[in-house]
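An overview of the molecular structure
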Amino acid sequence: MTTHPHSHAPAENAPEHPARLPWAQLAPDVYKAMVRLDAASRKGLDPTLLELVKIRASQINHCAFCLDMHAKDALAAGESVERIIQLDAWEESQHFYTEKELAAIRLTEAVTVLTDGFVPDEVYAKAAEHFEEAELAHVIAAITVINAWNRFGVTARLTPGHYTPGDVKH
């Protein structure tokens, strides 16, 4: 229970929405394939950078379930609360991140919002400056995979707040 910010009386939280569809249970082969794809995309990537990419894509896609999961995973891996909070406004707080992380964040945004057009050449070129080709291929794969997870999470309206780091994850 939380306390209302202007009083000492407990405030009642809004009710939790149940998931629309237990998609992973109904399509277990798809879920298992996604888990394998996710594991393959992680190879050779820094875990902190990977969580920043997953959080940023999930912010853009409004996937509360994935935000809950990846913020908790990032914290469990030693990421700072400050960097997670600032990620949604990274352009104004670039000094919190390395140039390599910024290149990955820019690439994440470009790949995530493909409906705005192609991935700009300058965004790709900046990422290519900071990542070896195999590593860049895995970053692109990780961005693609989190976007797929986000689409499952948002469409099925998976409920955030129940994930504990170390649980089965994507």
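Now for a quick tour of the structure. (Residues numbered from 1 in each chain as written. Predicted model: local features only at pLDDT ≥ 70, side-chain atom pairs only at ≥ 80, totals over all residues. Heavy atoms only, no water.)

Looking now at the overall build of the protein chain. Of regular secondary structure, the protein chain possesses 8 helices and 2 strands. If you line up the protein chain on its principal axes, its C-alpha atoms span 55 × 40 × 30 Å. Burial statistics for the protein chain: of 170 residues in total, 37% are counted as buried. Across the protein chain, contacts joining residues at least 24 apart in sequence account for 69% of those joining residues at least 6 apart. A total accessible area of about 9900 Å² is found for the protein chain, and carbon and sulfur atoms account for 59% of it. The protein chain carries 15 positive and 24 negative side-chain charges, and their two centres are separated by 7 Å. (Helix = DSSP H or I, 4+ residues; strand = E, 2+ residues; numbered from the N terminus. Buried < 20%, exposed > 50% of the residue type's maximum accessible area, 1.4 Å probe, protein only. Contact = heavy atoms within 4.5 Å. Areas by Shrake-Rupley, 256 points an atom, 1.4 Å probe, with all protein chains shown as cover. Lys, Arg positive; Asp, Glu negative; His and termini not counted. Charge placed at Lys NZ, Arg CZ, Asp CG, Glu CD.)

Looking now at the pattern of salt bridges. One pass over the structure, following the stated rule, counts 9 salt bridges. Where aspartate 38 meets arginine 42, a salt bridge forms, and the shortest distance between an N and an O atom there is 2.8 Å. Within this pair, aspartate 38 and its partner arginine 42 are both found in helix H2 (residues 28-42), separated by 4 residues, close to a single helical turn. One salt bridge in this structure joins lysine 54 and aspartate 38, with 2.8 Å as the shortest N-O distance. On the criterion of sequence distance, the pair formed by lysine 54 in helix H3 (residues 47-61) and aspartate 38 in helix H2 is long-range, its members being 16 residues apart. Salt bridges sharing partners connect three or more residues here, namely Asp38, Arg42 and Lys54. (Salt bridge = Lys/Arg side-chain N within 4 Å of Asp/Glu carboxyl O.)

Here we take up the layout of surface pockets. Within this model, the second largest pocket holds a volume of roughly 160 Å³. Each residue belonging to the lining of the second largest pocket can be placed in one class, and the counts come to 6 nonpolar, 4 polar and 2 charged. (1 Å grid on protein atoms, 1.4 Å probe; cavity = no way out; pocket = protein on both sides within 12 Å on 5 of 7 lines; lining within 4 Å. Points joined across faces, edges and corners; volume = space filled by probe spheres on them. Nonpolar A, V, L, I, M, F, W, Y, C, P; charged D, E, K, R; others polar.)

Once that is clear, we can look at unusual backbone geometry. The phi torsion at histidine 62 lies on the positive side, around 60 degrees, for a residue other than glycine. You can see histidine 62 is positioned in the loop between H3 and helix H4 (64-76). A relative accessible area of 64% places histidine 62 in the exposed class. Its identity as a non-glycine residue notwithstanding, arginine 157 has a phi of 50 degrees, on the positive side. Structurally, the position occupied by arginine 157 is in the segment after helix H8 (133-156).

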